[in-house]
Amino acid sequence: MNLSSAFLVTRAVLPGMVARNYGRIVQMSSVTGPVAGIAGSGVYAAAKAGLLGLTRVLAIEAGPHNVTVNCIGPGWIETDSSSPLELVAGKYTPVGRSGKPDEVGHVAVFLASEEASYVTGQLIVVDAGNTIQEYKVQT
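A brief look at the structure comes next.

Reading the values: rules and limits
- Residues numbered from 1 in each chain as written.
- Predicted model: local features only at pLDDT ≥ 70, side-chain atom pairs only at ≥ 80, totals over all residues.
- Heavy atoms only, no water.
- Helix = DSSP H or I, 4+ residues; strand = E, 2+ residues; numbered from the N terminus.
- Rg over C-alpha atoms; globule rule 2.2 N^0.38 Å.
- Contact = heavy atoms within 4.5 Å.
- Areas by Shrake-Rupley, 256 points an atom, 1.4 Å probe, with all protein chains shown as cover.
- Lys, Arg positive; Asp, Glu negative; His and termini not counted.
- Charge placed at Lys NZ, Arg CZ, Asp CG, Glu CD.
- Pairing = 2+ DSSP bridges.
- Right-handed = clockwise from strand over helix to strand, strands pointing away.
- Buried < 20%, exposed > 50% of the residue type's maximum accessible area, 1.4 Å probe, protein only.
- Arc of directions from axis to C-beta.
- Core = buried A, V, L, I, M, F, W, Y, C linked by side-chain atoms within 4.5 Å.
- Axes fitted to C-alpha atoms, helices over the stretch in contact; angles between N-to-C directions.
- Polar contact = N/O pair within 3.5 Å; in protein donor to acceptor, adjacent residues only side chain to side chain.

**Examining the overall build of the chain**
Then, in step 1: The number of helices and strands found in the chain is four helices and three strands.
Then, in step 2: Listing every helix and strand of the chain by position from the N terminus yields α-β-α-β-α-α-β.
Then, in step 3: A globule of 139 residues ought to have a C-alpha radius of gyration of about 14 Å, and the chain, at 16 Å, matches this closely.
Then, in step 4: For the chain, the share of sequence-separated contacts (at least 6 apart) that also reach a separation of at least 24 residues comes to 69%.
Then, in step 5: Accessible surface for the chain amounts to roughly 8,200 Å². Of this, 62% is attributable to carbon and sulfur atoms.
Then, in step 6: For the chain, the separation between the mean place of its 9 positive charges and that of its 10 negative charges on side chains is 4 Å.

**Things to note about the pairing of strand E1 (residues 23-28)**
Each regular strand shows side chains that alternate between the opposite faces of the sheet.
Then, in step 1: In terms of strand pairing, E1 meets strand E2 (residues 67-74) through six bridges, oriented parallel. Bridge pairing in E2 places Gly23 opposite Val67.
Then, in step 2: Taking the sense of rotation as the criterion, the β-α-β connection linking E1, helix H2 (residues 42-62) and E2 turns out right-handed.

**Examining helix H4 (residues 101-111)**
One turn of the α-helix equals 3.6 residues, which is why residues spaced by three or four share an orientation.
Then, in step 1: For H4, the complete set of buried residues consists of Val104, Val107 and Leu111. Relative to the axis of H4, the buried residues are bounded by an arc of 55° and lie together on one face. Opposite the packed face of H4, turned more than 90 degrees from it, sit the exposed residues His106 and Val109.
Then, in step 2: Where the residues of H4 are buried, they touch E1, E2 and strand E3 (123-126).

**Re the environment of Leu52**
Then, in step 1: With respect to the helices and strands, Leu52 occurs in helix H2.
Then, in step 2: Here Leu52 falls in the buried class, since its relative accessible area comes to 8%.
Then, in step 3: Distance from Leu52 to Val69, taken between C-alpha atoms, is 9.9 Å for residues 17 residues apart in sequence.
Then, in step 4: Those residues in contact with Leu52 that lie beyond four places of it in its chain are Pro34, Cys71 and Leu123.

**Notes on the nonpolar core**
Then, in step 1: Residues Leu14, Ile25, Leu51, Leu58, Val67, Val69 and Cys71 are the most contacted members of the largest nonpolar core, which totals 14 residues.
Then, in step 2: When contributions to this core are tallied by element, the ones reaching two or more residues are helix H1 (4-20), H2 and E2.
Then, in step 3: In terms of residue count, the dominant contributor to this core is H2 (six residues).
Then, in step 4: Contact partners of Val69, with chain neighbours within four places excluded, come to Ile25, Thr55, Leu58, Ala59, Thr120, Gly121 and Gln122.

**Things to note about the sheet that holds E3**
Then, in step 1: The sheet built from three strands is open, its strands ordered E1-E2-E3 with parallel pairing. Of all the strands in the sheet, just E1 and E3 have a single pairing partner and so form its edges. Averaged over all neighbouring strand pairs, the angle between strand axes comes to 25°, with direction disregarded.
Then, in step 2: Contacts from H2 reach E1, E2 and E3, with the element oriented near 160° to E2.

**A few points about the side chain of Ser30**
Then, in step 1: If you trace the backbone, Ser30 turns up in the loop between E1 and H2.
Then, in step 2: Polar side-chain contacts of Ser30 include one of 3.0 Å to the backbone nitrogen of Thr32.
Then, in step 3: Side-chain polar atoms of Ser30 contact the side chain of Tyr44, separated by 3.5 Å.
Then, in step 4: Those residues in contact with Ser30 that lie beyond four places of it in its chain are Tyr44, Lys48, Ile72, Gly73 and Pro74.

Pasting the structure below:
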């Protein structure tokens, strides 16, 4: 569902954007798949990596029509569905906490704005620097 639902929605809205010669598509990927892996999450990781591939191809195809297509790759974001293990993992990011949904939302708003008109085909990672560190311990 992670990949197929994004594909189907994009397929439905993209022709109208091309016809208007304007549009912004922001896909919600993850760091799991395009950047990192978690044992036991192969299907999820493959879908999220596939979403980045779809985003990049669409950015190339839709770019001439003033349509940008980007992905957001959230890391440990605290939501009602976060497991206790995920909440602990958030404590080991460089900023020492899980992210908030609105912190991801602000990136989406930027990518959907005119200010992001020269940003396309990108994965914007929102993970408090978690994937850039080798050691996952608090100092």
